[in-house]
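Working through the structure, step by step
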Amino acid sequence: MSNTKIITLNKNAMNQNSYIYCDINKNICVVIDPGYNAQAINLAVDDKFEIAAILLTHGHYDHIMETAQISQSCQIYSHEDELQVLKDPQINLSSNTETPIKFIPHKFFKDGEKFTFGGVTLTVLHIPGHTPGGACFYDEKNNVVFTGDSLFKAAIGYAHFPLSNEKLLVTSIKQKLLTLPPNTVVYPGHDEPTTIGEELQFNPFLQ
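This structure is a prediction, so every number in the text was calculated from the model and none was measured. (Residues numbered from 1 in each chain as written. Predicted model: local features only at pLDDT ≥ 70, side-chain atom pairs only at ≥ 80, totals over all residues. Heavy atoms only, no water.)

1. Examining the overall build of the protein
In terms of helices and strands, the protein carries six helices and 14 strands. On C-alpha atoms alone, the protein measures out to a radius of gyration of 16 Å, which is about the 17 Å that the 2.2 N^0.38 rule sets for 207 residues. Principal-axis analysis of the C-alpha atoms gives the protein an extent of 45 × 45 × 30 Å. When each of the 207 residues of the protein is scored for burial, the buried share is 54%. Carbon and sulfur atoms provide 51% of the accessible area of the protein, an area that totals close to 9,600 Å². (Helix = DSSP H or I, 4+ residues; strand = E, 2+ residues; numbered from the N terminus. Rg over C-alpha atoms; globule rule 2.2 N^0.38 Å. Buried < 20%, exposed > 50% of the residue type's maximum accessible area, 1.4 Å probe, protein only. Areas by Shrake-Rupley, 256 points an atom, 1.4 Å probe, with all protein chains shown as cover.)

Written as structure tokens, this is what we have:
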């Protein structure tokens, strides 16, 4: 029986999925893409789980809006190629919001690097295209991958944003994600979960 639990928070205007991925045996978790209300994230974590880190799949504002509010007691990680996005409100699309966002993460991932919390190990898969430092987090043992805005159910991330590249995105997905086991469950940055097998068969952008 799995020792993990996934809490999904997405009742926001962008229908963005913030994930709390927990090792329930060791009472520790990571927060992936805290775009959702910080109070709701803290209530979901409550006193049950220690937050080991905040992991960012990419730096667009709807995925990072609440980072500052929950990062006081843990470190923020992103892929090393995402720094330009996180530092520039024009590029991360927060310049026209009430609170433009810019910050530097505490730590940077490289492609293939592993992050372990409790008994869970996540492998970083660099998926550039939606943004230069787009990253997915793959748990081989528990057969799940968190894909941010790289891969959705029957869709892929938009490529009309600053620094986006659709051709690179499709190539990255095919090389790094579609090669995962078909029954791998995909937890995307928006909308509902899917599987690698479903996307191999039905995703019109990847045929």
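2. Here we look at the sheet that holds strand β7 (residues 114-117)
With mixed pairing, the six strands of this open sheet are ordered in space as β7-β8-β9-β10-β13-β14. Either end of the sheet is taken by a strand with one partner, and the two such strands are β7 and β14 (194-195). Here strand β8 (residues 120-126) runs beside strand β9 (residues 135-139); their pairing, made up of four bridges, is antiparallel. Residue pairing for β9: threonine 123 is matched across the bridge by tyrosine 138. Helix α5 (residues 166-177) rests against β8, β9 and β10 (144-148) of the sheet, and its axis sits at about 145° to β8. (Pairing = 2+ DSSP bridges. Contact = heavy atoms within 4.5 Å. Axes fitted to C-alpha atoms, helices over the stretch in contact; angles between N-to-C directions.)

3. What about the layout of surface pockets?
Of the voids in this model, the largest pocket is the one considered here, and its volume is about 370 Å³. In terms of lining residues, the largest pocket is bounded by 19 residues, among which His130, Asp149, Phe152, Tyr158 and Phe161 are the most central. Sorting the residues of the lining of the largest pocket by element identifies α2 (61-64) and β12 (155-156) as the ones contributing at least two each. Tallied by class, residues from the lining of the largest pocket come to 10 nonpolar, four polar and five charged. Estimates place the volume of the second largest pocket at around 220 Å³. As for the second largest pocket, its lining consists of Tyr61, Ile64, Met65, Thr67, Ala68, Gln69, Thr97, Glu98, Thr99, Pro100, Ile101 and Phe103. Per element, the largest residue contribution to the lining of the second largest pocket is three residues, and it comes from helix α3 (residues 67-70). For the lining of the second largest pocket, a count of residues per class yields seven nonpolar, four polar and one charged. (1 Å grid on protein atoms, 1.4 Å probe; cavity = no way out; pocket = protein on both sides within 12 Å on 5 of 7 lines; lining within 4 Å. Points joined across faces, edges and corners; volume = space filled by probe spheres on them. Nonpolar A, V, L, I, M, F, W, Y, C, P; charged D, E, K, R; others polar.)

4. Observations concerning α5
Side chains of residues three or four places apart in an α-helix project in the same direction, reflecting 3.6 residues per turn. The terminal C-alpha atoms of α5 lie 15 Å apart, and with 12 residues this matches the ideal 16 Å at 1.5 Å per residue to within 8%. Residues Leu169, Val170, Ser172, Ile173 and Leu177 constitute the buried set of α5. The arc enclosing the buried residues of α5, seen along the axis, measures out at 165°, which places them on a common side. Of the exposed residues in α5, those oriented more than 90 degrees away from the buried face are Lys167 and Gln175. For α5, the elements touching its buried residues are β8, β9, β10, β11 (151-152), β12 and α6 (196-202). (Expected span 1.5 Å × (residues − 1). Arc of directions from axis to C-beta.)

5. Structural notes on the side chain of serine 18
Turning to its location among the elements, serine 18 is positioned in strand β2 (residues 18-23). For serine 18, a relative accessible area of 2% gives the class buried. In this structure, serine 18 is in contact with Ile7, Thr8, Leu9, Ile32, Asp33, Pro34, Gly35 and Tyr36, ignoring residues within four places of it in sequence.

6. Remarks on the packing of aromatic side chains
On inspection of all chains with the given rule, the structure shows 11 aromatic pairs. For the ring pair tyrosine 158 and phenylalanine 161, a centre distance of 6.3 Å and an interplane angle of 75° mean the geometry is edge-to-face. According to the relative accessible area criterion, tyrosine 158 is exposed, its value standing at 57%. (Phe/Tyr/Trp six-rings, centres within 6.5 Å; stacked < 30°, edge-to-face > 60°.)

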